[in-house]
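Here is how the chains run, residue by residue.
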Amino acid sequence: MNVNLLMILLNGITYAGLLFMVASGFTLVFGLMRVVNLAHGIFYLLAAYLGLLIYRTTGSWWLCLIGSSLIVAACAFVIHSTLLRRVQGDDQRETLLTLGISFVVGDLLLAYFGGMPQRLRAPEMFSVPVSLGILTYPGFRLFVLGIAVFIGVFLWALLKFTQLGRIIRAGVDDRDMVAVLGIDIDWAFVAVFVLAGFITGLSGVIGGSYLVFAPGEDIHVLTYSLIVVIVGGLGSLSGVALGALVVGLIDSFSKTLVPAFTMFFLFGTLMLVLAFRPHGLRGREK
Amino acid sequence: MKRPLLFVVVLVVIAGLAFPAGGREAAAPEGDVLKVGVLAPLTGVFAGGGWLIVEGVKLAFEGVDYQVGGRPVQLFIEDTGARPEMAIQKTQRLVEREGVQLIIGPLSGGEGMAMKEFADRIPNVTVVVAGAASEDITMRGIKPNVFRTSYSGAQVMFPFGEYAYNELGMRQVAVIASDYAFPHSQVGGFLSTFLLAGGEVPARIWVPFGGPVDFSSYIAQIPRDIDGLFVGLGGTDAINFVQQFKEFGLLGQIPILGGSIFVDPVVLSQVGEDLIGVKAGSHYAQELPYPEFRAFEEAFFARNQMPTSLWAADYFVATQAVIAALEEVGGRIEDQAGFREALRNVELDTPRGPFRFDEFQNVVLTARITEVRKIGDQYRNIVIKNVPDQDQFGPFDPDWYQAQPPFGRDTPTLPMLRQAVFR
């Protein structure tokens, strides 16, 4: 039972790593900047499919990791500066606009790549099982967890210690006040949007190397990102980490112990959080 | 923030639910048009194989130039997303708005059961179930207007359970499968003969269908000291499972026995190298000794650059049966009684082999045991054993079989099987 318990724990924690990676780009945009970006899921899928293209032409997984993340970041920049900027601050228009983008891009992907499920192949060195003393564990899951921790630390340091981070935190609290102080707040928000695009791109390629992707996967990604961010708390980075961990562990334990009730526990938790802590586990009132 | 958040959640839910695409109608041909509805999953878990299904139907109609009994055929292809409620909704639309009197489909077990219930409300329509394999569609009370040309989950699995015990020498086999009617039936068929032969099943692990794709927690539950693992998964689930099974270092440690849709070409195209040597129970393979098979395979490959799949073949065969019956009645689908009588008596040589119906309007077919091999640069299922003339009751007496509850998560059990009445 001890080995089993350890396995369930590890499964939950590494799954949380994947969830954190996927949701962190979303929380930057939705949680911090309060831009309702429903195109998040399609960014993920776009990155995975771009990765497939790059992999087919170059054969290098690392190139597709960096390449598609950069392209998705560029797409984020273009979408922000041409479309999103015009509706900034209007939740409903943002919602409809980004949902529209996600449908259009989703259909383009379906038309070009077809409906067949695809996957990326991570380098062999990651996909070997690793021996952890009493049990063997997939190396790639540990790699994903490592990347997630790295992204988390990076974002935390960025927000806490850099000038950009200070501007963002101040801007989230009172955008007009920051602008009055002569700081180019718009530029800072564009930077965050592009950064979020880049991280989502990373998660798309890494996620696409771990799980199969196909048209429609974007809705899953978006749903899970929403759950993680809502449970964790809007606008809080540590909240996303906590949210991912809660969701990951609930998923892992319920699947093992009461598999038929996985969805019940997942959405039950979401409902409880919304009912008793509407701002999430670590969110703050505004 | 409260209201926008709610708005967002509602929108996402709507986006998720409303996705299955609308109907695609070919341009209406001139003359006394014969309308045929086709139900297939073009989105969702089975989207990968969904478009191949439609190819199967089109190929069969192209073979007769879209002319049956002197009438031009018009296809109405509808996406169900493999969801029962959507299958019903689309059927209702086809029947009420388009006046369709013949439906080919649906694919998945849940959809098939929903269609059986719905059949009473559309007595002037014949449903030819072309893919769904949950067994109750054609037993425990049949509907006069529901036929099945595909198979029942257990039908092709009875020989496989015996084979695993006798020929593969397996004694302990665990099961991991999707938690719905079709895998219940496949596992039930396999275990019926495996348990009767003397085998044991130390664990039955059921995975929610269409749920999350992280299999690690299910893989953790697989006992390590077993002779084999029966995998009743399909589509993207199967691919994800194989990849993660490998990453946990279990591939090659525990031999895999496959359900009928586990070793589909879509799955093999992604993880074929990991599945070499895997045996499965089915009624189809990528190499069969019939001229009809070769012709179908070649025509299909020319159009799609892919080997034929079980699903494409099943829909092709369904369409062939429909065409044969329609020719018999001169294309008069409006005479439903006559059409059904003709359909009941259809006997055909198909890419799957000889085809006929039993008295329950379910197909009698050749069950097969297949093995994945690498041929050229493709991974294919090769037949290693044929069991001709299999119907949906296997070795059991039809009356006894239908008196038992349908297979579920914990059935069959050995005590229940010990009471069995054989033919």
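The shown structure was predicted, so the numbers you read here are calculated from the model rather than taken from an experiment.

Another aspect to go through is the overall build of chain A. Helix and strand counts for chain A come out as 12 helices and 2 strands. Along chain A, helices (α) and strands (β) appear in the sequence α-α-α-α-α-β-β-α-α-α-α-α-α-α when read from the amino end. Its C-alpha atoms give chain A a radius of gyration of 19 Å, within 12% of the compact-globule value 19 Å for 286 residues. Judged by the C-alpha coordinates and their principal axes, chain A covers about 60 × 50 × 35 Å. For chain A, buried positions account for 52% of its 286 residues. For chain A, restricting intrachain contacts to residue pairs at least 6 apart in sequence, the fraction spanning at least 24 positions comes to 74%.

Helical geometry: 3.6 residues make up each α-helical turn, so side chains three or four residues apart lie on a common side. All names here are of chain B. The end-to-end C-alpha distance of helix H2 (residues 47-63) is 25 Å, a good match for the 24 Å that 17 residues give at a rise of 1.5 Å each. Judged by how many residues are buried, H2 sits mostly within the fold: 12 of 17 residues are covered. Within H2, the full set of buried residues consists of Ala47, Gly48, Gly49, Gly50, Leu52, Ile53, Glu55, Gly56, Val57, Leu59, Ala60 and Phe61. The positive-phi residue at the C-terminal boundary of H2 is Asp65, with phi of around 60°.

With that out of the way, let us pick up the pairing of strand S2 (residues 34-40) of chain B. Residue and element names in this part refer to chain B. Most of S2 is tucked away: 6 of the 7 residues are buried. With 7 bridges joining them, S2 and strand S4 (residues 71-79) adopt parallel strand pairing. Bridge pairing in S4 places Gly37 opposite Phe76.

For any two helices packed against each other, the geometry is given by the interaxial angle and the distance between the axes. Residue and element names in this part refer to chain A. Closest axis-to-axis distance for the helix H6 (residues 139-161)/helix H9 (residues 185-210) pair is 11 Å, and the angle between their directions is 170°. Classified by the angle their axes make, H6 and H9 are roughly antiparallel. On H9, the residues touching Phe140, Val144, Ile147 and Ile151 of H6 are Ile199, Ile206 and Tyr210.

Residue and element names in this part refer to chain B. You can read the domains of chain B as domain 1 (21-152 + 289-365) and domain 2 (158-287 + 366-418). If you average the C-alpha positions of domain 1 and of domain 2, the two centres end up 26 Å apart. If you look at the interface, domain 1 gives 29 residues, while domain 2 gives 27 residues. Among the secondary structure elements, those contributing two or more residues to the side of domain 1 that touches domain 2 are H2, helix H4 (109-118), helix H11 (310-328) and strand S15 (363-375). The greatest single-element share of the side of domain 1 that touches domain 2, amounting to 3 residues, is contributed by H4. Among the residues forming the side of domain 1 that touches domain 2, the class breakdown is 12 nonpolar, 12 polar and 5 charged.

What follows concerns the environment of Leu6 of chain A. By secondary structure assignment, the location of Leu6 of chain A is in helix H1 (residues 2-32). In this structure the C-alpha to C-alpha distance between Leu6 of chain A and Ala23 of chain A, which are 17 residues apart in sequence, comes to 25 Å.

The partner chain B presents 36 residues to the 38 residues of chain A that form the contact. Mapped onto the side of chain A that touches chain B, the elements with two or more residues apiece are H1, helix H4 (91-113), strand S2 (136-138), helix H10 (217-232), helix H11 (237-257) and helix H12 (262-276) of chain A. Counting residues per element, the side of chain A that touches chain B draws most heavily on H1 of chain A, at 5 residues. Looking at the side of chain A that touches chain B residue by residue, the class counts come to 22 nonpolar, 12 polar and 4 charged.

Reading the values: the criteria
- Residues numbered from 1 in each chain as written.
- Chains lettered and ligands numbered in written order.
- Predicted model: local features only at pLDDT ≥ 70, side-chain atom pairs only at ≥ 80, totals over all residues.
- Helix = DSSP H or I, 4+ residues; strand = E, 2+ residues; numbered from the N terminus.
- Rg over C-alpha atoms; globule rule 2.2 N^0.38 Å.
- Buried ≥ 20, exposed ≤ 12 C-beta atoms within 10 Å, placed from the backbone.
- Contact = placed C-beta atoms within 7 Å.
- Expected span 1.5 Å × (residues − 1).
- Pairing = 2+ DSSP bridges.
- Axes fitted to C-alpha atoms, helices over the stretch in contact; angles between N-to-C directions.
- Parallel < 35°, antiparallel > 145°, perpendicular 65-115°, else oblique.
- Domains from an automatic or database assignment.
- Nonpolar A, V, L, I, M, F, W, Y, C, P; charged D, E, K, R; others polar.

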